[in-house]
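Geometric and topological summary
If you want the building blocks of each chain, they are given just below.
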Amino acid sequence: MQFIVCIKQVPETTDVRIDPKTNTLMREGVVSIINPFDMYAIEEAVRLKERVGGKVTAISMGPPQAEAALREAIAMGVDTGILLSDRAFAGSDTWATSYTLSRAIRKIGEFGVILCGKQASDGDTAQVGPGMATHLDLPQVTYVRKIETIDDKHLVAERLLESGFEVIDIQLPCLLTVVKEINEPRLPSLKGKMAAKKAEIVKWTAQDLGAESEKIGLNGSPTKVVKIFTPQPRQGGKVLKGEPSEIVPQLVQELRDIVLGSAS
Amino acid sequence: MSSESSIKVLESRCVGCKLCVKACPFGAIVVENKLARIDLAKCTLCGACVEACRFEAIELKKAVQASADLSGYRDVWVFAEQVDGRIQSITYELLGEGRKLADQLRMNLCAVILGSGIKEQTSELVARGADKVYVADRPELAYFQDEAYAAVLIDLVKRHKPNVFLCGASTIGRSLISRVAVSVKAGLTADCTGLAIDPATGNLLQTRPAFGGNIMATIITPNHRPQMATVRHKVMKEAQRDPARQGKILVEAVADALLKSRAKRINFVEETGNVVNLAEANIIVSGGRGLQKPENFQLLRDLAGVLGAAVGSSRAAVDANWMPYSHQVGQTGKTVCPKIYFACGISGQIQHLVGMSSSEVIVAINKDPEAPIFKVATYGVVGDALKIVPMLTEEFRKVLGK
């Protein structure tokens, strides 16, 4: 069975700092990593391959340097990396991104399961996975915390909900988005690292995908960013000093009204 | 007319002042020889530089789109999320905000509810501000199913053409509404924390955090309808209940073909114990490594019990298997926005802060006075959480008379 995993290269968020002088995001020297949630998707795809046989193809849409993310995925056990890179993709929102990725998946051909991280750590939308499923007319399970069983026709997955989890039987082919709880991503093996070094990354442009120009990039994006600003960083407040026996009643007094107001 | 968007620096106008460099959130502009140069590989065509430039030296050509006739799109819609027939509190927050938007646009506020045997719930939606309630009531819709719910909503949107469509940024909301938006080619903005109407254009101004809250972006959908957005829990104020309000209940016919689903729920396992839903909680008591061992989370549960609060956890405590992942707050867990967030024995790594720093009040209890959590705390207590938390429980019990 073929497994497809969609990954995104993102800035390592811990490194995103705000320049106190200009009050803008400092991107200089910010390290790019694979979106942390996608690491679980890669790991799960590789585990599924190990479970039932087949191959894993990773796709990423991004600038040429996103190739590094695909090589890292190959080091973890992914067989093929495909980079979707084209100036025409710039400015894509989630609609255009999910369209572009779905075109690439159609081009790949037959597959059993598409895996994605639940969301990307830079945009935090969680929209591209379900968006792709819609473009490809696939059923989906989002927020998957476990894949219980899988065979040729279907799989059984557990979806994490706010109040517990549900067990879902879903027909293949399908799309899953996964949460951190599903596994612990492996470190690349030496063999994997060698493979990653040698691997030929497949590169597709808008033309290769046969993508319609009014559905990609800025043209294909219904949403437009009109303003970007840095929020006022939160300021620390009071530090209560003294003996706990004095501080605690003082703190409770301060919080009392909010607690009473929130009871409903 | 160009079919492709482009950006360029007009060399005759650029003075090399670097205002654009400062404005660019993506580090895509450098000034060389008193001339700005845009790195197209980094640029996302967001237009921040165009706005910042005082010399009109940057030209951003957005592809010209045949502007669709949007006049047929009326009304502000809210997706009324229900679980086991219980309307989720986020719905009332959406109705509260939706009412303001609808009044400003001089449109109706409508709620859409899908479920089985849910006609009773519709009066509550009217009492909370809905002028109309669209109801799809079928046994197949008893609980959330991605495909069937999306198909029914897509059908309703195509037939009734809402102008604005809001949905909670919950597990269900995010899974569902993206399918609807892609299908009807609508713009969808995730996880909004601010909504407003641009008085000049009538466009919905959707403000949301990105990069873990390090930047905020305001987004519009100028040429597509409906304008769709998911809204974060606890940011908007709940609509007040007015039982005297009147509204129309419209029971919609649902074609069988819409109810097909290639996925089916075979079981639902509810989390047991003293569980208040993290996303919906007004108060959260969270613990980290400073609690030293899993048994000590009982101290937090005791405090949470008195306050009617949910229990949260840092990543460290989840990784140590002290708490289940579903309680994790932070970058790889949940983003929460309660009225009060107690951080007990949590040092406050940036990954944790991005998940809770928009809480109204933050109380930090930590032994280490240098812990970063104190930088965001409204009230900081330097001390041992294992000692302070039980004292808080006692004191709250006294004050609240419990």
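Cut-offs used in this document
- Residues numbered from 1 in each chain as written.
- Chains lettered and ligands numbered in written order.
- Predicted model: local features only at pLDDT ≥ 70, side-chain atom pairs only at ≥ 80, totals over all residues.
- Helix = DSSP H or I, 4+ residues; strand = E, 2+ residues; numbered from the N terminus.
- Buried ≥ 20, exposed ≤ 12 C-beta atoms within 10 Å, placed from the backbone.
- Contact = placed C-beta atoms within 7 Å.
- Axes fitted to C-alpha atoms, helices over the stretch in contact; angles between N-to-C directions.
- Parallel < 35°, antiparallel > 145°, perpendicular 65-115°, else oblique.
- Left-handed = near helix turned anticlockwise from the far one by under 90°.
- Nonpolar A, V, L, I, M, F, W, Y, C, P; charged D, E, K, R; others polar.
- Pairing = 2+ DSSP bridges.
- Core = buried A, V, L, I, M, F, W, Y, C linked by C-beta atoms within 7 Å.
- Domains from an automatic or database assignment.
- Right-handed = clockwise from strand over helix to strand, strands pointing away.
- Expected span 1.5 Å × (residues − 1).
- Arc of directions from axis to C-beta.
- pLDDT = per-residue confidence, 0-100.

1. What to know about the overall build of chain A
Of regular secondary structure, chain A possesses 7 helices and 15 strands. Oriented by its inertia axes, the alpha-carbon framework of chain A measures out at about 70 × 45 × 40 Å. Considering chain A as a whole, with its 264 residues, one finds that 53% of them fall into the buried category. Contacts spanning at least 24 positions in sequence make up 69% of the contacts within chain A whose residues lie at least 6 apart.

2. So, the overall build of chain B
Helix and strand counts for chain B stand at 10 helices and 22 strands. Overall, chain B is about 70 × 65 × 40 Å in size when its C-alpha atoms are taken along their principal axes. Sorting the 402 residues of chain B into buried and exposed places 52% on the buried side. Sequence-distant contacts, at least 24 apart, represent 64% of the contacts inside chain B between residues at least 6 apart.

3. What about the packing of helix H7 (residues 297-307) of chain B against helix H10 (residues 385-400) of chain B?
Residues and elements named next belong to chain B. Contact geometry for H7 and H10: axes closest at 9 Å, N-to-C directions at 20 degrees. Here H7 is positioned roughly parallel relative to H10, judged by the angle of their axes. In this structure, the crossing between H7 and H10 has a hand that is left-handed. Along its contact with H7, which presents Leu299, Leu300, Asp302, Leu303, Val306 and Leu307, the element H10 presents Leu386, Val389, Pro390, Leu392, Thr393, Phe396, Arg397 and Leu400. Tallied by class, the residues present in the contact of H7 with H10 amount to 11 nonpolar, 1 polar and 2 charged.

4. Re the sheet that holds strand E1 (residues 2-7) of chain A
Judged by pairing direction, the sheet is mixed, and its 10 strands sit side by side in the order E13(A)-E7(A)-E6(A)-E1(A)-E8(A)-E12(A)-E9(A)-E10(A)-E11(A)-E17(B) without closing on themselves. For this open sheet the edge positions go to strand E13 (202-204) of chain A together with strand E17 (263-270) of chain B, each flanked by a neighbour on one side alone. Between one strand axis and the next, the sheet turns by 30 degrees as a mean value, whatever way the strands run. Bridging between E1(A) and strand E8 (residues 113-117) of chain A involves 4 bridges; their strand directions are parallel. Within the sheet, the bridge partner assigned to Phe3(A) lies in E8(A) and is Val113(A).

5. Structural notes on the nonpolar core
Of all hydrophobic cores here, the largest spans 157 residues; its most connected members are Val5(A), Ile42(A) and Val152(B). Both domains that furnish three or more residues to this core are identified here as domain 1 (6-61) and domain 2 (76-257) of chain B. Setting aside chain neighbours within four positions, we find Val5(A) in contact with Ala41(A), Ile42(A), Ala45(A), Val56(A), Ala58(A), Val78(A) and Leu115(A). Val285(B), Val318(B), Val376(B) and Val381(B) belong to the second-largest nonpolar core, a separate cluster that totals 52 residues.

6. A few points about the sheet that holds strand E14 (residues 224-229) of chain A
Sheet architecture is open: 4 strands sit in the order E14(A)-E14(B)-E13(B)-E12(B), paired in antiparallel fashion. The open sheet is flanked by E14 of chain A together with strand E12 (194-197) of chain B, the only strands paired with a single partner. When the angles between neighbouring strand axes are averaged without regard to direction, this sheet yields 25 degrees. Pairing between E14(A) and strand E14 (residues 215-220) of chain B: 5 bridges, direction antiparallel.

7. Details of the domain arrangement of chain B
Structurally, chain B comprises domain 1 (6-61), domain 2 (76-257) and domain 3 (283-400). Taking the mean C-alpha position of each, domain 1 of chain B and domain 2 of chain B sit 38 Å from one another.

8. Brief notes about the pairing of strand E19 (residues 310-313) of chain B
Consecutive side chains of a regular strand alternate in pointing toward one face of the sheet and then the other. Along E19(B), one buried face is formed by Ala310(B) and Gly312(B) and the opposite face, lined by Val311(B) and Ser313(B), is buried too. Crossover strand E18 (residues 283-287) of chain B to E19(B) through H7(B) is right-handed.

9. Quick notes on the pairing of strand E3 (residues 35-38) of chain B
Residue and element names in this part refer to chain B. Where strand E2 (residues 29-32) meets E3, 4 bridges bridge the pair, whose relative direction is antiparallel. Following the sheet pairing, Glu32 is matched in E3 by Leu35. Joining the antiparallel neighbours E2 and E3 is a turn of 2 residues, in which Asn33 adopts a positive phi near 50 degrees.

10. Here we look at unusual backbone geometry
Residues apart from glycine generally show negative phi values, whereas peptide bonds are mostly found in trans. Each neighbour pair has its own omega, and for Leu172(A) with Pro173(A) the value is -5 degrees, a cis peptide bond. Position of Pro173(A) among the secondary structure elements: in the loop between strand E11 (164-171) and strand E12 (174-178). Residue Pro226(B) follows Arg225(B) across a cis peptide bond; omega there is -5 degrees. Looking at where Pro226(B) falls in the secondary structure, it is placed in the loop between E14 and strand E15 (227-231). At Asp124(A), a residue that is not glycine, the phi angle is positive and equals roughly 55 degrees. In this fold, Asp124(A) is placed in the loop between E8 and helix H4 (128-135). On the neighbour-count criterion, Asp124(A) (21 C-beta atoms within 10 Å) is buried. Even without being a glycine, Asp75(B) presents a positive backbone phi close to 80 degrees. You can see Asp75(B) is positioned in the loop between strand E4 (58-61) and strand E5 (76-80). When the 20 C-beta atoms within 10 Å are taken as the criterion, Asp75(B) is described as buried.

11. Things to note about helix H3 (residues 89-105) of chain B
All names here are of chain B. When the terminal C-alpha atoms of H3 are compared, their 25 Å separation across 17 residues agrees well with the 24 Å that a helix rising 1.5 Å per residue should span. Three or more residues of H3 are buried, namely Ile90, Thr91, Tyr92, Glu93, Leu94, Leu95, Glu97, Gly98, Leu101 and Ala102. Backbone geometry just after H3 places Arg106 at a positive phi near 55 degrees.

12. Concerning H7(B)
Buried residues of H7(B): Phe297(B), Leu299(B), Leu300(B), Leu303(B), Ala304(B) and Leu307(B), and no others. Taken down its axis, H7(B) places every buried residue within 150 degrees of arc, on the same side. Buried-residue contacts for H7(B) involve helix H7 (244-262) of chain A together with E18, E19, strand E20 (340-344) and H10 of chain B. Looking one or two places after H7(B), you find Gly308(B), whose phi comes out positive at around 65 degrees.

13. A closer look at the environment of Thr125(A)
Note on placement: Thr125(A) falls in the loop between E8 and H4. By the C-beta count within 10 Å, which is 23 here, Thr125(A) ends up buried. In this structure, the C-alpha to C-alpha distance between Thr125(A) and Lys215(A), residues 90 residues apart in sequence, is 19 Å. The residues contacting Thr125(A), other than those within four sequence positions of it, are Thr94(A), Gln119(A) and Ala190(B).

14. Quick look at the confidence of the model for chain B
Counting all residues, the mean pLDDT for chain B is 91, and 97% of those residues have values of 70 or more. ipTM for the predicted complex: 0.92, alongside a pTM of 0.87.

15. A closer look at the environment of Ser163(A)
If you trace the backbone, Ser163(A) turns up in the loop between strand E10 (154-161) and E11. Those residues within four positions of Ser163(A) in sequence are excluded, and the remaining contacts are Val83(B), Glu270(B), Glu271(B) and Asn277(B).

16. Topic: the packing of H7(A) against H10(B)
Running from N to C, H7(A) and H10(B) cross one another at 50 degrees; their axes reach a closest spacing of 9 Å. The angle between the axes of H7(A) and H10(B) places the two elements in the oblique class. Where H7(A) crosses over H10(B), the handedness of that crossing is right-handed. Contacts between H7(A) and H10(B) involve Pro244(A), Val248(A), Pro249(A), Val252(A), Arg256(A) and Val259(A) from the first element and Lys387(B), Ile388(B), Met391(B), Leu392(B), Glu395(B), Phe396(B), Val399(B) and Leu400(B) from the second. When the residues that make up the contact of H7(A) with H10(B) are grouped by side-chain class, the tally is 11 nonpolar, no polar and 3 charged.

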